Amino acid sequence: MENVGGAGAGAGAGAGTVTATDTPSLPPNMTIYINNLNEKIKIDELKKSLNAVFSQFGKILEVLAFKTLKHKGQAWVIFEDVSSASEALKRMQGFPFYEKPMRIQFAKTKSDIVAKADGTFVPRERRKKHDERADRKKREHHHDGNHAGGGLSAAHGGAYGATPPLSQLPLGVAKMPEAPAPPNNILFVQNLPTETTPMMLQMLFCQYTGFKEVRMVETKPGIAFVEYGDEVQSTVAMQGLHGFKITPQNPMHVTYAKK
DNA sequence: AGCACA
């Protein structure tokens, strides 16, 4: 008859009511800081892949990464708004990127590009290595209003420890983050029916200006490379033939080949 | 591990 819910002290003690989140205690920021990145990846490719993987969460203003000793394996992705950054942090935490799980935090400080847009940018010579709050001068009430209004309204309910939502992410992106490969005069064709021959592909692709040749890899059925004179021509062909069905079950998947 | 503004 008695409700046991009252002050049931000790009931939850065993499980540890406070889930120890290793997550940084940093406040939300438009910029996320990522480390544990695969250091073998070239900076340029890394930035492109980060851009590809994170743009699903909102507009990205900039991706920064450096190869210096102190900063390799790390990157900053600057979003247009805090909510995009928050979402990206939550959703991509631990994401296997080039075979290493991403570790994501909010950046410690505001990015220059944001500060510039803010009007609060101060050249770094001044704040070289010390904290930004130099002298604490007593200011008059300059109620200028909060920056950007409700920008900091955290959309997360604090529900950390949730399962990594890898299943919600596009599958191809886990192993091949560079989804939008850079333009290339060579196209990569996938999802071909096994019986596809080079001749069949030539009939399709030679309709487009600049066609040079089809190459198929015998040991790997279902894929082909098609070369054009330049990447404008290959782009036209890609747009024309992507999704084309040689059989009803096989819409062609056409992308730029990797270099 | 490591928080910059190439």
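This report concerns the structure included in the present document. Source: prediction; values computed, not measured.

1. Overview of the protein's contact with DNA strand B
Here is step 1: Taken together, the neighbourhood of DNA strand B is formed by 23 residues, with Phe 66, His 71, Lys 72, Ser 111 and Asp 112 sitting nearest.
Here is step 2: One nitrogen or oxygen atom from the main chain of Phe 106 is found 3.0 Å from a base nitrogen belonging to DNA strand B.
Here is step 3: Asp 112 is positioned with one of its backbone polar atoms (N or O) 2.7 Å from a base nitrogen of DNA strand B.
Here is step 4: Of all elements in the fold, only strand E1 (31-35) and strand E6 (103-106) reach the threshold of two or more residues within the surface near DNA strand B.
Here is step 5: Looking at the surface near DNA strand B, its residues break down into eight nonpolar, eight polar and seven charged.

2. Quick notes on the sheet that holds strand E2 (residues 60-65)
Here is step 1: Sheet architecture is open: four strands sit in the order E2-E3-E1-E6, paired in antiparallel fashion. In this open sheet, the two strands that pair with only one neighbour each are E2 and E6. Between one strand axis and the next, the sheet turns by 20° as a mean value, whatever way the strands run.
Here is step 2: Two strands pair when backbone bridges link them, and E1 and strand E3 (residues 75-79) are joined in this way by four bridges, in the antiparallel orientation. Of the residues in E3, the one forming a bridge with Ile 32 is Val 77.
Here is step 3: Contacts from helix H1 (residues 43-54) reach E1, E2, E3 and E6 within the one sheet, and its direction differs from that of E2 by about 145°.
Here is step 4: Here helix H2 (residues 82-92) sits on the sheet in contact with E1, E3 and E6, set at roughly 155° to E6.

3. Structural notes on unusual backbone geometry
Where the residue is not glycine, phi is negative for most of them; where a peptide bond is considered, it is trans in most cases.
Here is step 1: Here Tyr 98, not a glycine, exhibits a phi torsion of approximately 50°, which is positive.
Here is step 2: As for its placement among the helices and strands, Tyr 98 is situated in the loop between strand E4 (96-97) and strand E5 (100-101).
Here is step 3: Notably, Asn 191 is not glycine yet its phi reads approximately 65°, a positive angle.

4. Observations concerning H2
Here is step 1: Within H2, eight of the eleven residues are buried, which leaves it mostly tucked inside the rest of the structure.
Here is step 2: Buried residues of H2: Val 82, Ser 84, Ala 85, Ser 86, Ala 88, Leu 89, Arg 91 and Met 92, and no others.
Here is step 3: Residues of H2 that are buried in the fold lie against E1, H1, E3 and E6.
Here is step 4: Once H2 finishes, Gly 94 follows within two positions and takes phi at roughly 80°, a positive value.

The rules behind each value
- Going along each chain's sequence as written, the residues are numbered from 1 onward.
- For this description, chains carry letters from A and ligands carry numbers from 1, given in the order in which they are written.
- Local features are withheld for residues below a pLDDT of 70 in this predicted model, meaning they are given only at 70 or higher, and side-chain atom pairs are given and counted only at 80 or more; totals for whole chains, interfaces and linings count all residues.
- Side-chain metrics rest on all non-hydrogen atoms present in the structure, leaving aside hydrogens and water.
- Throughout this document, a residue counts as near a molecule or strand when at least one of its heavy atoms sits within 4 Å of that molecule or strand.
- Any pair of N or O atoms that falls within 3.5 Å is considered a polar contact. Within protein, one atom must be able to donate a hydrogen and the other to accept it, and sequence-neighbouring residues count only if both atoms are side-chain atoms.
- The numbering of helices and of strands both runs from the N terminus, where a helix is a DSSP run of H or I of at least 4 residues and a strand a run of E of at least 2.
- Classification used: nonpolar for Ala, Val, Leu, Ile, Met, Phe, Trp, Tyr, Cys and Pro, charged for Asp, Glu, Lys and Arg, polar for all others including Gly.
- We treat two strands as partners when DSSP finds at least two bridges between them.
- Here, axes are lines fitted to C-alpha atoms. For helices the fit covers the stretch in contact, and angles between N-to-C directions go from 0 to 180 degrees.
- Whether two residues are in contact is decided by their heavy atoms: any pair within 4.5 Å suffices.
- Between buried and exposed lies partly exposed: a residue is buried under 20% and exposed over 50% of the maximum accessible area for its type, with that area taken using a 1.4 Å probe on protein chains only.

Coordinates in, geometry out; function isn't part of it.
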